[in-house]
Amino acid sequence: MVLPIGPHDLGTLPAIPSTGSLPLKGDRQHAFWERQVHATAMLLVAKGHLKVDEVRRGIEYLESETYAKASYYEKWASSICSALLEHQLLSNAELGVELGADDSEAKPRFAVGDVVRVRESGHACRWRRPHLRTPGFVHGVCGTVERSLGSFANPEQLAFGGQAWTKCPLYLVRFDAKSIQDFDAGEVGEDQVTVEIYQSWLENADLQELEQQRKKRRETAKASDGHPDCKRAKTDQSDHGHNHDHVHEERSVVEQRAVDEELPCPAIARALVAAVQKKGIVGADELRQSIERLDEGDRNRGAAGRKVVARAWVDQQFKVRLMADANSACAELGLNAVNPTAPTQLVVFEQTPKVHHLIVCTLCSCYPLPLLGLSPDWYKSREYRSRAVREPRKALKEFGTELPQEVQVVVHDSTADCRYMILPQRPRGTEDWSEEKLQEIITRASMIGVTVLPEAV
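Each chain carries its own residue numbering, running from 1 in the direction its sequence is written. The predicted origin of the model limits local features to residues at a pLDDT of at least 70 and limits the giving and counting of side-chain atom pairs to 80 or more, whereas totals for whole chains, interfaces and linings rest on all residues. Neither water nor hydrogens contribute to the side-chain values; these are computed over all heavy atoms in the structure.

As recorded in an unreviewed UniProt entry, the protein chain goes by the name nitrile hydratase, listed as coming from Durusdinium trenchii. In the Catalytic activity (unreviewed entry) part of its UniProt record, the protein chain is described as follows: "an aliphatic primary amide = an aliphatic nitrile + H2O". UniProt positions are given in the numbering used here, feature names are shortened, and annotations may be inferred rather than shown by experiment.

Engineer: Please set out the overall build of the protein chain residue by residue, giving values where relevant.
Structural biologist: Put simply, DSSP marks the helices as runs of H or I at least four residues long and the strands as runs of E at least two long, and each gets a number from the N terminus on. A count of helices and strands for the protein chain gives 21 helices and nine strands. With 457 residues in all, the protein chain has 49% of them scored as buried. Between two residues, a contact is recorded if the distance between any of their heavy atoms is within 4.5 Å. The long-range fraction of contacts in the protein chain, counting pairs at least 24 apart against all pairs at least 6 apart in sequence, stands at 76%. Surface exposure here means Shrake-Rupley accessible area, sampled with a 1.4 Å probe, where a residue is shielded only by the protein chains that are shown. On the protein chain, roughly 21600 Å² of surface is accessible, and the fraction owed to carbon and sulfur atoms is 50%. A 1.4 Å probe rolled over the protein chains alone gives each residue an accessible area, and that area as a share of the maximum for its type sets the label: buried under 20%, exposed over 50%, partly exposed in between.

Engineer: Can you lay out unusual backbone geometry for me, pointing to particular residues and giving the numbers?
Structural biologist: Even without glycine at this site, Gln 88 takes up a positive phi of about 60°. Mapped onto the elements, Gln 88 comes out in the loop between α4 (72-86) and α5 (92-98).

Engineer: Any details on the environment of Ala 177? Residues and values, ideally.
Structural biologist: Here Ala 177 lies in helix α7 (residues 177-180). As a C-alpha pair, Ala 177 and Gln 192 span 15 residues in sequence and 4.5 Å in three-dimensional space. Once residues lying within four places of it in the same chain are set aside, the contact partners of Ala 177 are Asp 191, Gln 192 and Val 193.

Engineer: Summarise the nonpolar core; cite the residues concerned and give the values.
Structural biologist: In terms of nonpolar packing, the biggest core is built from 80 residues, with Ile 80, Leu 371, Tyr 384, Met 421 and Ile 448 touching the most fellow members. Here this core takes nine residues from α4, the largest share from any one element. The contacts of Ile 80, once residues within four sequence positions are left out, are Val 37, Ala 41, Leu 44, Leu 50, Val 55 and Leu 272. Remark: nonpolar core denotes a set of buried residues (Ala, Val, Leu, Ile, Met, Phe, Trp, Tyr, Cys) joined through side-chain atoms within 4.5 Å. Val 118, Val 145, Tyr 171 and Leu 202 belong to the second largest nonpolar core, which has 15 residues in total.

Engineer: Describe the pairing of strand β7 (residues 355-360), listing the residues and the values that go with them.
Structural biologist: Most of β7 sits inside the fold, with six of its six residues counted as buried. Here β7 shows two buried faces, one formed by Val 355, His 357 and Ile 359 and the other by His 356, Leu 358 and Val 360. With six bridges joining them, β7 and strand β8 (residues 408-413) adopt parallel strand pairing. Pairing of His 357 across the sheet is with Val 410, part of β8. Here a strand pair is declared whenever DSSP counts at least two bridges between the two strands.

Engineer: Can you lay out the pattern of salt bridges for me, pointing to particular residues and giving the numbers?
Structural biologist: Close approach of charged atoms allows side chains with opposite charge to pair. Any Lys or Arg side-chain nitrogen found within 4 Å of a carboxyl oxygen on Asp or Glu counts as a salt bridge. The tally for this structure, following the rule as stated, stands at 21 salt bridges. Note that Glu 203 is salt-bridged to Arg 119, the shortest N-O span being 3.9 Å. Of this pair, Glu 203 sits in strand β5 (residues 202-204) while Arg 119 sits in the loop between β1 (115-118) and β2 (142-153), placing them 84 residues apart in sequence. With a closest N to O distance of 3.2 Å, Glu 292 and Arg 288 form a salt bridge. Taken together, the residues Glu 292 and Arg 288, both in helix α12 (residues 284-300) and four residues apart, mark about one turn of the helix. Through salt bridges with shared partners, a single ionic network connects Arg 117, Arg 119, Glu 203 and Glu 209.

Engineer: Can you lay out the environment of Val 37 for me, pointing to particular residues and giving the numbers?
Structural biologist: Position of Val 37 among the secondary structure elements: in helix α1 (residues 32-46). Here the alpha-carbon distance between Val 37 and Leu 287, two residues 250 residues apart in the chain, equals 9.7 Å. Residues in contact with Val 37, not counting those within four places in the same chain, are Tyr 73, Trp 76, Ala 77, Ile 80 and Ala 269.

Engineer: Describe the packing of α1 against helix α11 (residues 266-278), listing the residues and the values that go with them.
Structural biologist: The geometry of α1 relative to α11 is characterised by a closest axis approach of 10 Å and an angle of 50° between their N-to-C directions. Of the possible angle classes, the one that applies to α1 and α11 is oblique. Considering only the axes of α1 and α11, their crossing is left-handed. Note on element contacts: α11 touches α1 through Pro 266, Ala 269, Val 273 and Val 276, opposite Trp 33, Gln 36, Val 37 and Thr 40. In this classification, the charged set is Asp, Glu, Lys and Arg, the nonpolar set is Ala, Val, Leu, Ile, Met, Phe, Trp, Tyr, Cys and Pro, and all remaining amino acids, among them Gly, are polar. By residue class, the composition of the contact of α1 with α11 is six nonpolar, two polar and no charged. Between N-to-C directions, angles cover 0 to 180 degrees, with each direction set by a line fitted to C-alpha atoms, over the stretch in contact for helices. Here the word oblique covers every angle except those under 35 degrees (roughly parallel), over 145 (roughly antiparallel) and from 65 to 115 (roughly perpendicular). Whether a crossing is left-handed or right-handed is set by the direction in which the near helix is turned from the far one by less than a right angle, anticlockwise for left-handed and clockwise for right-handed.

Structure below.
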């Protein structure tokens, strides 16, 4: 079995079934914040601050669940922020301010001898996989502060580049060994374990709760009669003595949730846009102008591509040049076919009665943006990216395109520096039409290859 190289490698995974037909996933006007993120990325690339492959890499490194749940531009914003931190163009403090970070944990709250409980889930990061320095085997467990170790730069901030903007008190916390690990016969005495834990992971508990935890553990140990098959799963169902109406789970599950629950959200997009402007990396006017250019292309929904197709239908020599060197042919019409974030080469494939071409990007969403505008939601969806290579005829059928078996389907996966566009067949009945009138019947979907143009009536 061939394994995917990451959560983004959707063509290697089995076809992901659609919830409803693919076209219903939308071909909408993108939200303003999405256009802000896209325009910010274009400006950062143009200024030499960012490479599109860095954005891809950051997205590819997301946890699988995060990758599946986060929206397209949320993933972009998260990745761009990580790259800017790595390049030290933004600091943790500057981004933290825009995310609403506070320094409430800077003042020590616990003293030697205090009973504390370790939190059961991650809470320090809202948009990326957190850097965990609190081991999962003590999540939800009560212990006693043995020593205050001073205040240190927050490692959950240092891990992502630049300086930490807060210092956090660190404590040595003592736990009963039998409360935090599997044990067999003889491992039920008074052994203890100490763990260094930052204050942000601790909350108040009391002696009664600690004693109840110990009592529960003793009862569990007695019931097991010291057998080695008394697994941690049994003790994990205890309530550690505190009165909370919730069910405890395996430590591994709890620790993983500390990572998985911190899914990207639009807050990171707002923080990105605000931080780069406040720092002067991107100016407000240039961002506005970049958004306006995006909006113009999005409103026209492939006007540049329609112009290219119509010219190829009426000018055979132009068509020959287009098929040989699409970038140069587009330049003849005053069009730039190169994507704004990378030096791409446009390749055009012609539909014929015997061959039907379809384009996709299984790894992300590569697409001829200058000619077709911002890509539709369905094109970026995990389902389309998976199914286009796995079951293209079934996917096409959802767009109303049913092809005879004798027609060969060729799928073009845009995974690197080429961008593909389809030259649809010219409908019969349009032989006497002007170039301008022909442009009116050409659709963006036909230039992606999911639909064919109907005959003129």
